[in-house]
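Per-entry structural report
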Number of protein chains: 2
Amino acid sequence: MTARPTRGRRPGNPEVTRRAILEAARATFTRAGYEKATIRAIAARAKVDPALVHHHFGTKEDLFVAAHELPFSPTGVRDILEGGQGTLGERVARLYLTAAFREGGPFESLVRAAMTNPTARSMLRGFLEHGVLDTLTPYLGTPDARLRIMLAGSHLMGLFMARRVLGVDALREADLEHLVKVVGPTIDRYLTGELAPAG
Amino acid sequence: MTARPTRGRRPGNPEVTRRAILEAARATFTRAGYEKATIRAIAARAKVDPALVHHHFGTKEDLFVAAHELPFSPTGVRDILEGGQGTLGERVARLYLTAAFREGGPFESLVRAAMTNPTARSMLRGFLEHGVLDTLTPYLGTPDARLRIMLAGSHLMGLFMARRVLGVDALREADLEHLVKVVGPTIDRYLTGELAPAG
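Thresholds, definitions, all that
- Residues numbered from 1 in each chain as written.
- Chains lettered and ligands numbered in written order.
- Predicted model: local features only at pLDDT ≥ 70, side-chain atom pairs only at ≥ 80, totals over all residues.
- Heavy atoms only, no water.
- Helix = DSSP H or I, 4+ residues; strand = E, 2+ residues; numbered from the N terminus.
- Contact = heavy atoms within 4.5 Å.
- Buried area = accessible area lost by both parts, 1.4 Å probe.
- Salt bridge = Lys/Arg side-chain N within 4 Å of Asp/Glu carboxyl O.
- Polar contact = N/O pair within 3.5 Å; in protein donor to acceptor, adjacent residues only side chain to side chain.
- Nonpolar A, V, L, I, M, F, W, Y, C, P; charged D, E, K, R; others polar.
- Least-squares fit on C-alpha atoms with pLDDT ≥ 70 in both.
- Axes fitted to C-alpha atoms, helices over the stretch in contact; angles between N-to-C directions.
- Parallel < 35°, antiparallel > 145°, perpendicular 65-115°, else oblique.
- Core = buried A, V, L, I, M, F, W, Y, C linked by side-chain atoms within 4.5 Å.
- Buried < 20%, exposed > 50% of the residue type's maximum accessible area, 1.4 Å probe, protein only.
- Left-handed = near helix turned anticlockwise from the far one by under 90°.

**Some points on the environment of Glu15 of chain A**
- By secondary structure assignment, the location of Glu15 of chain A is in helix H1 (residues 14–36).
- When the C-alpha positions of Glu15 of chain A and Met115 of chain A are compared, they lie 32 Å apart, and in sequence the two are 100 residues distant.

Next up, the structure:
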């Protein structure tokens, strides 16, 4: 991989720099929480120029995703939402489940930690509220957009829990592409279909 | 509450006896796992006659549910499945979510523990595989019954996680009966509707 020379970046292997930024990001998100963490603070901790962080990782949401190897990036989902409505649900389900069902990795650790550790929970919740929901809500453009996204998101999260964390056979043995086809219409309905009115 | 006098039951307050049985059940399920735990072993630990355990708590599944205050009992769901197909999904969703969204209690502790503790995880998984799936599969009667039940179950579990454990606002603020109406058609489809064929 190549990195353009950037003002203030420290010399050396770009892969080492990337790892230093990711490590600084994890530490900063954990200490400050998702909302209060800034690219500037992460760059300072990694001893690099903020522009280099943007160059390597894009936005704060994208950096959080990269640092925790999350199975969804708001940017990735946004690209899917902008890409047309046809099989939207299947595309969202495929994007999430492909990454979430991968063995091990920091995403699984983060979710497990969030269940028992208040700091990890508050960080993950901050990312969902601000990184995911604030980013995606305008693309649905309905007053109930946050609820719609969380219905879809919690459904996919439940599948991850049952298959990867609890390891229930019926889900472990299911073919990924079959699950995508089965779950897709539900995600479509939650994101863009007709729902019972509130109240 | 009244309890019929039963052979071998120890004298005293029936409420004390019930609590002793529940405590013995939690200890036995944790030590032996769901599958290997027996009513006989639980009765022995509580120093009561096995018939008294059955009298107070019914089957092993029901006792597990009572001991952990789970938001679903296989017996309760079976009654709903037998009660007709009309608004099956809404009835299942209402049964589960009403109990799952209640504050605190051992269910929440059990789920949190299952995420990080292998013993708790294996116990919860054993209950899902054998207590829930073995009991309910015959009522659906399709070859993909286990997958169907887990699709519905993991969806409801994901809602519980996002609302009660992570505390995401869009779900915390949602009205329970509104969620039931919105989620009901999905549960209907997973349990009895047409799904994309496997493979």
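**Examining the interface of chain B and chain A**
- Contacts between the two partners involve 43 residues from chain B and, on the opposite side, 43 residues from chain A.
- Summed over both sides, the interface of chain B with chain A buries roughly 3,700 Å², with 70% coming from carbon and sulfur.
- For the pair chain B and chain A, the number of links is 2 salt bridges.
- In this structure, the connection of chain B to chain A is made through 20 residue pairs in polar contact (both at pLDDT 80 or more).
- Within the residue set of the side of chain B that touches chain A, elements represented by two or more residues are helix H7 (106–116), helix H8 (118–140), helix H9 (145–165), helix H10 (169–172) and helix H11 (176–192) of chain B.
- A total of 12 residues in the side of chain B that touches chain A trace back to one element, the largest contributor, which is H9 of chain B.
- Along the lines of polarity and charge, the residues of the side of chain B that touches chain A split into 27 nonpolar, 7 polar and 9 charged.

**Let's talk about the relation of the copies chain B and chain A**
- Once turned by 180° and shifted 0.0 Å along the axis, chain B lies on chain A with an RMSD of 0.0 Å. In symmetry terms, the pair is related by a two-fold rotation axis. For chain B, the residue whose C-alpha comes nearest the rotation axis is Gly158 of chain B, separated from it by 1.9 Å.
- The share of interface residues of chain B whose copies in chain A are also at the interface is 100%, consistent with both copies meeting through the same surface.

**A look at the packing of helix H2 (residues 39–46) of chain B against helix H3 (residues 50–57) of chain B**
Residue and element names in this part refer to chain B.
- Packing of H2 against H3 leaves a shortest axis separation of 8 Å and a crossing angle of 105°. Considered as vectors, H2 and H3 are oriented roughly perpendicular to each other. Residues Ile39, Arg40 and Ala43 of H2 touch H3, and the partners they reach there are Pro50, Val53 and His54.
- Residues belonging to the contact of H2 with H3 are distributed by class as follows: 4 nonpolar, 1 polar and 1 charged.

**Things to note about the nonpolar core**
- Of all hydrophobic cores here, the largest spans 138 residues; its most connected members are Leu63 of chain A together with Leu63 of chain B.
- The contacts of Leu63 of chain B, once residues within four sequence positions are left out, are Ile21, Leu22, Ala25, Phe29, Ile39, Ile42, Val53 and Phe57 of chain B.

**Remarks on the environment of Gly184 of chain B**
Residues and elements named next belong to chain B.
- Counting through the fold element by element, Gly184 comes out in helix H11.
- Considered as a pair, Gly184 and Arg94 are 90 residues apart in the sequence and their alpha carbons are 8.5 Å apart.
- When near neighbours in sequence (up to four residues on either side) are disregarded, Gly184 contacts Gly89, Glu90 and Leu179.

**Some remarks on unusual backbone geometry**
Residue and element names in this part refer to chain B.
- Despite not being glycine, Lys47 shows a phi value in the positive range, around 60°.
- Mapping Lys47 onto the fold places it in the loop between H2 and H3.
- Its relative accessible area of 62% is what places Lys47 among the exposed residues.
- In this structure, Glu69 is a non-glycine residue whose phi angle is positive, near 45°.
- Take Glu69: it is sitting in the loop between helix H4 (60–67) and helix H5 (74–82).
- The exposed category is assigned to Glu69, whose relative accessible area is 52%.

**Quick look at the side chain of Asp49 of chain B**
All names here are of chain B.
- Relative to the helices and strands, Asp49 resides in the loop between H2 and H3.
- Residue classification places Asp49 among the buried positions, given a relative accessible area of 12%.
- At a separation of 2.8 Å, a polar atom in the side chain of Asp49 contacts the main-chain amide nitrogen of Ala51.

**Quick word on the packing of helix H1 (residues 14–36) of chain B against H8 of chain B**
Residues and elements named next belong to chain B.
- Where H1 contacts H8, the two axes come as close as 8 Å, and the packing angle between them is 30°. Taken together, the axes of H1 and H8 lie roughly parallel to each other. Considering how the two elements wind past one another, H1 and H8 form a crossing that is left-handed. Residue-level inspection shows Phe29, Thr30, Tyr34 and Glu35 of H1 in contact with H8, the latter providing Thr119, Met123, Gly126, Phe127, His130 and Gly131.

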